[in-house]
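A look at the structure
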Amino acid sequence: MRVLFATSEATPLVKTGGLGDVAGALPAALRARGIDVRLLLPRYRQVGAALDRARERASVPALAGFPAARILEAKGPRGVPCYLLDCPVLFDRDGGPYQDAAGADWHDNAVRFGLLSRVAALLGCAGSPLDWRPDVVHCNDWQTALAPAYLRFAADARAASVITIHNLAFQGIVPAGLIGPLGLPAESFTIAGLEYHGSISFLKAALAYADAITTVSPTYAREIQSEPLGFGLQGVLAARSDALTGILNGIDTDVWDPERDASIPAAYGPDTLERKAANKRALQERLGLAIEPAVPLAGMVSRFTDQKGIDLVIEAARWILRLPAQLALVGTGAREQEDAVRALARHHPGRAAAFIGFDEPLAHLVEAGADLFLMPSRFEPSGLNQMYSQRYGTPPVVHATGGLVDSVVDCAPETLADGTATGFKFAAPTAIALLDAVDRAVGAYRAPATWRALQRNGMARDFSWGPAAVRYAAVYERVARRP
Ligand code: ADP
Ligand code: GLC
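Residues numbered from 1 in each chain as written. Chains lettered and ligands numbered in written order. Predicted model: local features only at pLDDT ≥ 70, side-chain atom pairs only at ≥ 80, totals over all residues. Heavy atoms only, no water.

Lining the immediate surroundings of ligand 2 are 14 residues, of which H166, N249, E380, S382 and G383 lie closest. Separating an oxygen atom of ligand 2 from a side-chain N or O atom of N249 is a distance of 2.8 Å. Backbone polar atom of G383 to an oxygen atom of ligand 2: 2.8 Å apart, as the coordinates give it. For ligand 2, whose free accessible area comes to 310 Å², the fraction covered by protein is 93%. (Near = heavy atom within 4 Å. Polar contact = N/O pair within 3.5 Å; in protein donor to acceptor, adjacent residues only side chain to side chain. Areas by Shrake-Rupley, 256 points an atom, 1.4 Å probe, with all protein chains shown as cover.)

Take the site of ligand 1 next. Neighbouring ligand 1 are 20 residues; G18, D21, R303, K308 and G357 lie closest to it. One of the backbone nitrogen or oxygen atoms of G18 is found 2.6 Å away from an oxygen atom of ligand 1. Here an oxygen atom of ligand 1 sits 3.0 Å away from a polar atom, N or O, in the main chain of L384. Coverage of ligand 1 by the protein chains reaches 94% of its 560 Å² of free accessible surface. Broken down by secondary-structure element, the contributors of at least two residues to the shell around ligand 1 are helix 1 (18-31), strand 13 (297-304), helix 12 (360-369) and helix 13 (385-391). Here the element with the most residues in the shell around ligand 1 is strand 13; it accounts for three residues. Looking at the shell around ligand 1, its residues break down into five nonpolar, eight polar and seven charged. Of the residues that make up the shell around ligand 1, three or more belong to each of domain 1 (2-250 + 466-479) and domain 2 (273-459). (Helix = DSSP H or I, 4+ residues; strand = E, 2+ residues; numbered from the N terminus. Nonpolar A, V, L, I, M, F, W, Y, C, P; charged D, E, K, R; others polar. Domains from an automatic or database assignment.)

Moving on, we get to the sheet that holds strand 3 (residues 55-60). Spatial strand order, 3-4-5-2-1-6-7-11-12: nine strands in an open sheet with mixed pairing. At either end of the open sheet lies a strand with only one pairing partner, and these are strand 3 and strand 12 (244-246). Averaged over neighbouring strand pairs, the angle between their axes works out to 25° when direction is ignored. As paired elements, strand 7 (residues 160-165) and strand 11 (residues 212-215) share four bridges and run parallel to each other. Residue T164 lies in a different strand from strand 11, and its bridge partner there is T214. Along the sheet face, helix 4 (residues 109-123) touches strand 1 (2-6), strand 2 (36-42), strand 3, strand 4 (69-75), strand 5 (81-86) and strand 6 (136-140) and points at about 150° away from the line of strand 2. (Pairing = 2+ DSSP bridges. Axes fitted to C-alpha atoms, helices over the stretch in contact; angles between N-to-C directions. Contact = heavy atoms within 4.5 Å.)

Structurally, the position occupied by A368 is in helix 12. C-alpha of A368 to C-alpha of Y388: the two residues are 20 residues apart in sequence and 9.4 Å apart in space.

Here it is in structure tokens:
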């Protein structure tokens, strides 16, 4: 089985969120099962710098509105072979993969990710310029979601296609006038195809034409088939429910391992949890929080957006701080959200702290140094931080939605008794419900035996990629058209 894993980000080369983590770890887990998975990724400026020994493998002539490009090959993350789409006019620039340094979307994203999709499809066709041809093209999110459409309309398509939805809130909706420049056939622009309220929807193209659709947790797979979490695509998803599977993400248990984490001052495991105190102290020092070992410290590492419920934390903060508890908030977002988080920290010096920025080692320190981890997401396709936090003995407090439902077991007398409790869930995305759950967590924190049990239950869970890899392999088997 040969699979081309087409993605717009992959840790550690380029990451803005969970998709980067998935693309940095799942392909290696699949290769460990004997599947020949290779990545396709744009050669952004930082990728070119990191993989400077890439070799040219093929050239792709200009077509429709796309400039000419080259395909390079290099060893990617964890030794996974990586095809780099090299097109300097589109990808060799400063700034992020989707946005410029000021946070505005690149004006030519439709062409940039249209080309990535087109090349993904091309590699699955008989006319591919490479001698390695995949049985399955596995697309991820809107940035590669036109590939199933190109494959469907190509005369020489050989590969099947799979789309994984990591977040339905981002759909890649672009003006209808781009149909020509994107090299899409006019007959794809229908309601049964990629047309969405008069525009082109990248993601809808994949939902219409992919052979299989997956998303990153079973609960989210159900939620997106109706309003409000279907974000306008609930009808299409419900109509294709036979092709839709929810597979909970795993985590990279080598990178996220409290016993071998180079980013934290004190390594620890389930039997040495007392060492967590040194990490808490380091976190308090780093962020300017009062050094108070006995006050529970709640951490959060997140994009500061409505999805993640940062506004709920800000609203509940003054009561949370009075429990008493401390808050450590790390993240980036729109100016308004960042300012609100900064203001919170300013109003409660020593008790609430903010770090605005993307800082991977600090994310590890928060996981290790906090006592609780907050994830009040309004929706969460999978979520990774709640899994990291369980592995770090830092019980998560989560809104019961999406992957958070599937990966956290609420603390209650029964779940404590049968050894399954790992965190705290609340039912409504409101500040009061969040506060109530944090209050329950702080109560448990004050009962050391209960707290140790919660920590150890979470640390004992298997969140590795193995189980997910088995399920993806089954999806590939189902769709691959083999000669
Ligand atoms: P999403 O992809 O929706 O943002 P996930 O929970 O799947 O949410 O993954 C987010 C990933 O990005 C996690 O690995 C998290 O630690 C990381 N992350 C988010 N914000 C930051 C930040 N400011 N600094 C460091 N890591 C961050
Ligand atoms: C998205 C989702 C997140 C998920 C990640 C990786 O960004 O918001 O829940 O964990 O993708 O699949």
